[in-house]
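If you want the building blocks of each chain, they are given just below.
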Amino acid sequence: MKRLIFILSLFMFAANPAKAQQGNFVTKSGSSNITASINLAITTGAITISPFNTQSEIESGLETSAVRFVIKSNKDWKLVTEIGTITANPLAGGAGPAIITSPLSYNNFKYYTSAADNNLYSNMVSFPGPIAQIKTGVKGNIQKTGNTFNLKFRITPGFEVDPAIYTIPIIYTLSAQ
């Protein structure tokens, strides 16, 4: 009889192996916020331009050096550039700002962009006002096409702009679209 009880209990255990391995599972969930993240880095270059020494340069303009931008964002983005308040100092003698009757302004600026590894600039665009939307892009990091690019400006003073040493603040603003 003892043998029968032992065999019966073995069958009961073997007949329900899944029940023996089941446990109490508890599912809990948590939450986390991922905030908007948008970053602009200028990785190469500072905007420089040589002096306007010849009549041809004054009339047809000169290009600035290129600046490379790298944008990382988890939202679609836009880059706006503003030509700040341009100041001038007279070229010959005197201290302090020049009295300018026809100053350099955003009307004398155009800009170009190109892909990061492309030195061909085309589609020169005039500033529509002191602020211009330079470029837009989609969320992603530097591997996303368009999130790394070069920018340069063409300044054409013409013969109406007074001679002076001009200081030109250029302000970049990156924001989510």
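Residues numbered from 1 in each chain as written. Predicted model: local features only at pLDDT ≥ 70, side-chain atom pairs only at ≥ 80, totals over all residues. Heavy atoms only, no water.

**Thoughts on the environment of Asn 147**
For the record, the criterion: Secondary structure elements are defined from DSSP: runs of H or I of at least 4 residues count as helices, runs of E of at least 2 residues count as strands, and each element is numbered from the N terminus. Throughout, exposure labels follow a simple rule: accessible area from a 1.4 Å probe, protein chains only, divided by the maximum for the residue type, with under 20% read as buried, over 50% as exposed, and the rest as partly exposed. By the convention used here, residues are in contact when the closest approach between their heavy atoms is within 4.5 Å. Any pair of N or O atoms that falls within 3.5 Å is considered a polar contact. Within protein, one atom must be able to donate a hydrogen and the other to accept it, and sequence-neighbouring residues count only if both atoms are side-chain atoms.
Its location among the elements puts Asn 147 in the loop between strand S8 (131-137) and strand S9 (148-155). Residue Asn 147 is classed as buried on the basis of its relative accessible area of 0%. Through-space distance from the C-alpha of Asn 147 to that of Ala 116 is 8.8 Å; in sequence the pair is 31 residues apart. With residues near it in sequence (within four places) discarded, Asn 147 still touches Phe 69, Val 70, Ile 71, Trp 77, Gly 137, Val 138, Lys 139, Gly 140 and Asn 141. Within the local environment of Asn 147, its side chain forms a polar contact with the backbone oxygen of Val 138, the two atoms lying 3.3 Å apart.

**Some details on the nonpolar core**
Heads up, the condition is: For this analysis, a nonpolar core means a set of buried residues of the types Ala, Val, Leu, Ile, Met, Phe, Trp, Tyr and Cys, connected via side-chain atoms within 4.5 Å.
Leu 79, Phe 109, Tyr 111 and Phe 127 are the most contacted members of the largest nonpolar core, which totals 19 residues. Going through the elements one at a time, strand S3 (67-73), strand S4 (77-83), strand S6 (109-115), S8 and S9 are the ones with two or more residues in this core. Discounting chain neighbours no more than four positions away, the residues touching Leu 79 are Leu 40, Phe 69, Ala 132, Gln 133, Ile 134, Lys 135, Phe 149, Tyr 172, Thr 173 and Leu 174.

**Here we look at the pattern of salt bridges**
Applied cut-off: A side-chain nitrogen of Lys or Arg and a carboxyl oxygen of Asp or Glu constitute a salt bridge if their distance falls within 4 Å.
Counted under the stated rule, the structure contains two salt bridges. Linking Arg 154 and Glu 63 is a salt bridge whose minimum nitrogen-to-oxygen distance equals 3.8 Å. A residue pair is termed long-range when its members are at least 10 positions apart, and Arg 154 in strand S9 and Glu 63 in strand S2 (residues 62-63) qualify at 91 residues. Residue Glu 63 is classed as partly exposed on the basis of its relative accessible area of 34%. A single salt-bridge network, built from bridges that share partners, covers Glu 63, Lys 152 and Arg 154.

**Overview of the layout of surface pockets**
Just so we agree on the cut-off: Cavities and pockets were defined on a 1 Å grid built from protein atoms only: a cavity is a group of points that admits a 1.4 Å probe but offers it no way out, a pocket is an open group of points flanked by protein on both sides within 12 Å along at least five of seven lines, and a lining residue is one with an atom within 4 Å of any such point. Grid points are joined across faces, edges and corners, and a volume is the space filled by probe spheres set on the points. When residue character is reported, Ala, Val, Leu, Ile, Met, Phe, Trp, Tyr, Cys and Pro are called nonpolar, Asp, Glu, Lys and Arg charged, and the others, Gly included, polar.
Its boundaries defined by the atoms lining it, the largest pocket holds a volume of some 390 Å³. Contributing to the lining of the largest pocket are 18 residues, with Pro 51, Phe 52, Pro 157, Ala 164 and Tyr 166 lying nearest its centre. Among the residues making up the lining of the largest pocket, the classes are represented as 15 nonpolar, two polar and one charged.

**Quick word on the environment of Asn 39**
Topologically, Asn 39 is positioned in strand S1 (residues 38-44). By relative accessible area, Asn 39 is classed as partly exposed at 38%. A C-alpha to C-alpha distance of 8.1 Å links Asn 39 and Val 70, two positions 31 residues apart in sequence. Apart from residues lying up to four places away in sequence, Asn 39 is in contact with Val 70, Ile 71, Lys 72 and Leu 174.

**Regarding the pairing of S9**
Sheet faces and side chains relate simply in a regular strand, where the side chains alternate between the two faces. In plain terms, the rule: Any two strands with at least two DSSP-identified bridges between them are counted as paired.
Among the eight residues in S9, eight count as buried, and that is most of the element. Where S2 and S9 come together, two bridges link them in antiparallel fashion. Looking across to S9, one finds that Leu 62 is bridged to Ile 155. Bridging between S3 and S9 involves four bridges; their strand directions are antiparallel. Along S9, the bridge assignment pairs Val 67 with Leu 151. Of the pairings in the sheet, the one linking S6 to S9 comprises seven bridges and is antiparallel in character. Pairing of Thr 113 across the sheet is with Leu 151, part of S9.

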